[in-house]
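Structural characterization, general
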Amino acid sequence: MATFTLLDGRSMPVLGYGTWRCDAALLHDSVIAAVKSGFRHFDCAAMYFNEGVVGKALQLCIQDGLVKREDLFITSKIMPTDMHVHKLEPALTKTLQAIGLGGYIDLYLLHWPFRFVEKPSAFPVPEAERLGYDAAAILDIWRELERFVDNGWIKSLGVSNFSRKKLGLLFAEARHKPVNNQLEMHPALQQQAVVDWHAERGIVITCYCPLGSPARPPTFRHGDKDPSFLDHPTILSIAQGHGKTPAQVLLKWAIARGTVPLPKSTTAARIVENYGAADPAWTLTREEMEAMKALDEGYRLSRGESYAPAGMEWTQLWDEDL
Ligand code: A2P
């Protein structure tokens, strides 16, 4: 698979396998199916509570000679409850043990720029226990994570759900620059100015909900409009023209924009289908890319409401990138 070069010189495959909200009973076999299809990039997170399943399946793939560790690109993310300097090493250790692949992670992200207290009384975390955003605290956390890069536990560092404003502050101060920002991105939330800003700095964007998350939870549905792409006439027509599926068009579109989509699927045939989006033998035309521009609605599925501290509206979480 083609790769994008990260700011630190490492390579990231242009398409990854997402693991959020995967049915745990299906995930093990799905990860193996993904490796057999050709996927090498796996997007995990402590907050998905399934890193051990992904790790075990990948370990089996290595044992069976399907793939080598050095050909895998594994991401994990630190959760907001662990975003306290003294909790970083135990949290990373737990993830490294769960994944169990050579004692290192390829990419480690701050899952959100918003922190929670260390021991919340409940999940979802009550408003009073959400600490919000604190640039100085983020920088202290980053300094500690940089130490883990120096000692080889983390190969590359990045963030997720950071606005340009928040990432810009961190980028200016970081010794090991953030190489990646993972953001919600699909035709209804194209964020072209955000894509351009990252490209100018060489920061790769990975995209969550690249298919518009068709089975998304109610908290990702906002009543007034509720976009669906797999049956959208524009996408259906482009797909038919290429003899491809709507999902493949959505993923190809993301790659063509210089971003890295992370589709989730626990259906064997769809895993193979999604991998086919990275096939360089087909591309979208300029006209098709233009036609997809018209689907932009600035519509955010993951608004981050459950991260907003008391007294703050979710709309304020995203700064000028709302
Ligand atoms: P399933 O896991 O049952 O295959 P997103 O990555 O945007 O969050 O979307 C994930 C959702 O899209 C899952 O519900 C997944 O279902 C479904 N999905 C994944 N790949 C495809 C595909 N190629 N065609 C249709 N639906 C898909």
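Values in this document were obtained by computation on a predicted structure and should not be read as measured data.

On a plain count of helices and strands, the protein chain comes out with ten helices and twelve strands. Seen through its principal axes, the protein chain has C-alpha atoms that stretch 55 × 50 × 40 Å. Buried residues in the protein chain amount to 55% of all 322 residues. Roughly 13,500 Å² of accessible area belongs to the protein chain as shown, and the carbon and sulfur atoms make up 54% of that amount. For the protein chain, the distance from the average position of its 34 positive side-chain charges to the average position of its 38 negative side-chain charges is 2 Å.

What follows deals with the sheet that holds strand 9 (residues 154-160). Overall, parallel pairing links the eight strands, which are arranged 3-4-5-6-9-10-11-12 in an open sheet. Lying at the two open borders of the sheet, with one neighbouring strand each, are strand 3 (17-18) and strand 12 (260-261). Pairing geometry for strand 5 (residues 73-78) and strand 6 (residues 105-110), over four bridges, is parallel. Each residue of the ladder has a partner; that of threonine 75, found in strand 6, is leucine 107.

In this section: the pattern of salt bridges. Note on pairing: side chains with opposite charge can pair once their charged atoms come close. The tally for this structure, following the rule as stated, stands at twelve salt bridges. A salt bridge links arginine 147 to glutamate 89; its shortest N-O distance comes to 3.4 Å. One end of the pair, arginine 147, is in helix 4 (residues 135-150); the other, glutamate 89, is in helix 3 (residues 85-99), and 58 residues separate them in sequence. With a relative accessible area of 39%, arginine 147 lands in the partly exposed category. Overall, the relative accessible area of 31% leaves glutamate 89 in the partly exposed class. The closest approach of N and O atoms between arginine 143 and glutamate 146, which form a salt bridge, is 3.1 Å. Placement of both arginine 143 and glutamate 146 in helix 4 is noted, with a separation of three residues, approximately one turn of the helix. Accessibility expressed as a relative area gives 35% for arginine 143, which makes it partly exposed. You can call glutamate 146 buried: its relative accessible area is 1%. Ionic contacts of the salt-bridge type, sharing partners, join the residues Arg10, Arg69 and Asp106 into one network.

Around the ligand, a shell composed of 17 residues is seen, among which Ser265, Thr266, Thr267, Arg270 and Asn274 lie nearest. Serine 213 places a polar main-chain atom, nitrogen or oxygen, 2.9 Å from an oxygen atom of the ligand. Between the ligand and asparagine 274, the relevant distance is 2.9 Å, taken from a nitrogen atom to a side-chain nitrogen or oxygen of the residue. Burial of the ligand by the protein amounts to 87% of the accessible area it has alone, namely 570 Å². Examining the composition of the shell around the ligand, we find that three residues originate from one element, helix 9 (residues 268-275), more than from any other. Here the shell around the ligand is built from residues that sort into eight nonpolar, six polar and three charged.

Interhelical geometry of helix 4 versus helix 5 (residues 164-173) gives an angle of 45° and a closest axis separation of 11 Å. Judged by the angle between their axes, helix 4 and helix 5 are oblique. Crossing geometry of helix 4 relative to helix 5 is assigned as right-handed. Within the contact between the two elements, helix 4 uses Ala135, Ile138, Leu139, Trp142 and Arg143 and helix 5 uses Leu169, Leu170 and Glu173. Broken down by class, the residue content of the contact of helix 4 with helix 5 amounts to six nonpolar, no polar and two charged.

Each value, and the rule that gives it
- All residue numbers refer to positions counted from 1 along the written sequence of the respective chain.
- The predicted nature of this model means local features are confined to residues of pLDDT at least 70 and side-chain atom pairs, given and counted, to a pLDDT of 80 or more, with totals for whole chains, interfaces and linings taken over all residues.
- Heavy atoms from the whole structure form the basis of all side-chain values; hydrogens and water molecules are not counted.
- We count a stretch as a helix when DSSP gives it H or I for four or more residues in a row; a strand needs E for two or more, and each element gets its number in order from the N terminus.
- Between buried and exposed lies partly exposed: a residue is buried under 20% and exposed over 50% of the maximum accessible area for its type, with that area taken using a 1.4 Å probe on protein chains only.
- In this description, accessible areas are obtained by the Shrake-Rupley approach with a 1.4 Å probe, and a residue is regarded as covered only by the protein chains that are shown.
- Counting rule applied: Lys, Arg positive; Asp, Glu negative; His and chain ends not counted.
- Where a charge lies is defined by one atom per residue type: Lys uses NZ, Arg uses CZ, Asp uses CG and Glu uses CD.
- A strand pair is defined by DSSP finding two or more bridges across the two strands.
- Salt-bridge detection follows one rule: a side-chain nitrogen of Lys or Arg within 4 Å of a carboxyl oxygen of Asp or Glu.
- Residues are labelled near a given molecule or strand when at least one of their non-hydrogen atoms is within 4 Å of it.
- Between N or O atoms, a polar contact is any pair within 3.5 Å; within protein, one atom must be a potential hydrogen donor and the other a potential acceptor, and residues adjacent in sequence are included only when both atoms are from side chains.
- Gly is placed with the polar residues, together with every amino acid not listed as nonpolar (Ala, Val, Leu, Ile, Met, Phe, Trp, Tyr, Cys and Pro) or charged (Asp, Glu, Lys and Arg).
- Interaxial angle, 0 to 180 degrees, is taken between N-to-C directions of lines fitted to C-alpha atoms, where a helix line uses only the stretch in contact.
- Roughly parallel refers to an angle under 35 degrees, roughly antiparallel to one over 145, roughly perpendicular to one between 65 and 115, and oblique to any angle outside these ranges.
- For any pair of crossing helices, the crossing counts as left-handed if the nearer helix is rotated counterclockwise from the farther one by less than a right angle, and right-handed if it is rotated clockwise.
- Contact criterion: two residues are considered in contact whenever any of their non-hydrogen atoms come within 4.5 Å of each other.

Nothing here speaks to function; it is geometry throughout.
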